[in-house]
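# Coordinates in review
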Amino acid sequence: QIMADNAEMEAIKVLPQKLKACRAVLDEMMAHPDAQPFLTPLNPTEYNNVSQQEYDKLVKQPIDLSTISKRLDIPVGSSGAYKNVSELSKDVNRIFSNIVKVWTPSSSSSSLDDDNNIADRARRLQSWWVDQWTSLVPKLMTMKASNMNNDDA
């Protein structure tokens, strides 16, 4: 039997709190005006006539916000659950990297680019995400397991 060290045990205990904080940011992100195309699995044919076959050839790991949200709902420790916040961040970032594999943002830096350009929407949403994640990470790093769940008392 493998014994986890104190740091590993602490990380396991605090993970639900960390994921709850991530859930709050994800919920905010899902309400963002540019999030709409990324809420559910993408239908590439709705954007500049990219075929499903062409999309599937370029995007090997499709992901969307509802899939991330459902994975956050899986109880910690269960199959398919996030094992750490880095996995969640990688999934969110994969949404954006998948988009740039298929579509090109407008050359204009104006925030009034084509609102229907999926790459522009992804770029604006990614900028929002990076700001939110950058401010969240220090809070995640300093979280401690709640004493309410401590059976040792």
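Residues numbered from 1 in each chain as written. Predicted model: local features only at pLDDT ≥ 70, side-chain atom pairs only at ≥ 80, totals over all residues. Heavy atoms only, no water.

Another aspect to go through is the packing of helix H4 (residues 85–102) against helix H5 (residues 118–142). Two numbers describe how H4 lies on H5: the axes approach to 9 Å, and their chain directions differ by 165°. It follows that H4 is roughly antiparallel to H5 by the angle criterion. Here H4 runs over H5; the crossing is left-handed. Contacts between H4 and H5 involve Val85, Leu88, Ser89, Val92, Asn93, Phe96 and Ile99 on the former and, on the latter, Ile118, Ala119, Ala122, Leu125, Gln126, Trp129, Trp133 and Leu140. When its residues are assigned to classes, the contact of H4 with H5 shows 12 nonpolar, 3 polar and no charged. (Axes fitted to C-alpha atoms, helices over the stretch in contact; angles between N-to-C directions. Helix = DSSP H or I, 4+ residues; strand = E, 2+ residues; numbered from the N terminus. Parallel < 35°, antiparallel > 145°, perpendicular 65-115°, else oblique. Left-handed = near helix turned anticlockwise from the far one by under 90°. Contact = heavy atoms within 4.5 Å. Nonpolar A, V, L, I, M, F, W, Y, C, P; charged D, E, K, R; others polar.)

This part takes up empty space enclosed by the protein. Going through the model one piece at a time under the given rule, you end up with 1 cavity of 30 Å³ or more. Here the largest cavity defines a volume of roughly 70 Å³. In this structure, the largest cavity is lined by Pro37, Phe38, Thr40, Leu42, Tyr55, Ile63, Asp64, Ile95, Asn98 and Ile99. For the lining of the largest cavity, the element with the most residues is H4, which contributes 3 residues. For the lining of the largest cavity, the per-class residue count stands at 7 nonpolar, 2 polar and 1 charged. (1 Å grid on protein atoms, 1.4 Å probe; cavity = no way out; pocket = protein on both sides within 12 Å on 5 of 7 lines; lining within 4 Å. Points joined across faces, edges and corners; volume = space filled by probe spheres on them.)

Looking now at the confidence of the model for the protein. On average, the protein scores 88 in pLDDT, and the residues at 70 or more come to 85%. In this model, residues 147–153 is a region of pLDDT below 50 whose contacts with residues beyond four sequence positions or in other chains number 1 contact. (pLDDT = per-residue confidence, 0-100.)

Turning to H4, a few remarks are in order. In a regular helix each residue adds 1.5 Å, so 18 residues correspond to 26 Å; H4 covers 27 Å between its end C-alpha atoms and thus fits that length. Listed in full, the buried residues belonging to H4 are Val85, Leu88, Ser89, Asp91, Val92, Arg94, Ile95, Phe96, Asn98, Ile99 and Val102. On the buried face of H4, the contacting elements are helix H1 (6–30), helix H2 (52–58), helix H3 (65–73) and H5. For H4, the N-terminal cap is Asn84; the gap from its side-chain oxygen to the backbone nitrogen of Ser86 is 3.1 Å. (Expected span 1.5 Å × (residues − 1). Buried < 20%, exposed > 50% of the residue type's maximum accessible area, 1.4 Å probe, protein only. Polar contact = N/O pair within 3.5 Å; in protein donor to acceptor, adjacent residues only side chain to side chain.)

Quick look at H3 now. Along H3, the residues classified as buried are Leu65, Ser66, Ile68, Ser69 and Leu72. The arc that holds every buried residue of H3, seen down its axis, measures 160°, which confines them to one face. Residues of H3 that are buried sit in contact with H1 and H4. (Arc of directions from axis to C-beta.)

Let us now look at the environment of Ser97. Of note, Ser97 is situated in helix H4. A relative accessible area of 30% means that Ser97 is categorised as partly exposed. In the structure, Ser97 is positioned 25 residues away from Ala122 in sequence and 9.2 Å away in space, judged by C-alpha atoms.

Moving on to the pattern of salt bridges. Taken as a whole, this structure holds 8 salt bridges when the rule is applied. Here Arg71 and Glu87 are joined by a salt bridge, their closest N and O atoms 3.0 Å apart. On the criterion of sequence distance, the pair formed by Arg71 in helix H3 and Glu87 in helix H4 is long-range, its members being 16 residues apart. Assessed through its relative accessible area of 22%, Glu87 is described here as partly exposed. In this structure, the salt-bridge partner of Arg123 is Asp120, at a minimum N-O distance of 3.0 Å. With Arg123 and Asp120 both in helix H5 and 3 residues apart, this pair spans about one turn of that helix. What makes Arg123 partly exposed here is its relative accessible area of 34%. Through salt bridges with shared partners, a single ionic network connects Arg71, Glu87, Asp91 and Arg94. (Salt bridge = Lys/Arg side-chain N within 4 Å of Asp/Glu carboxyl O.)

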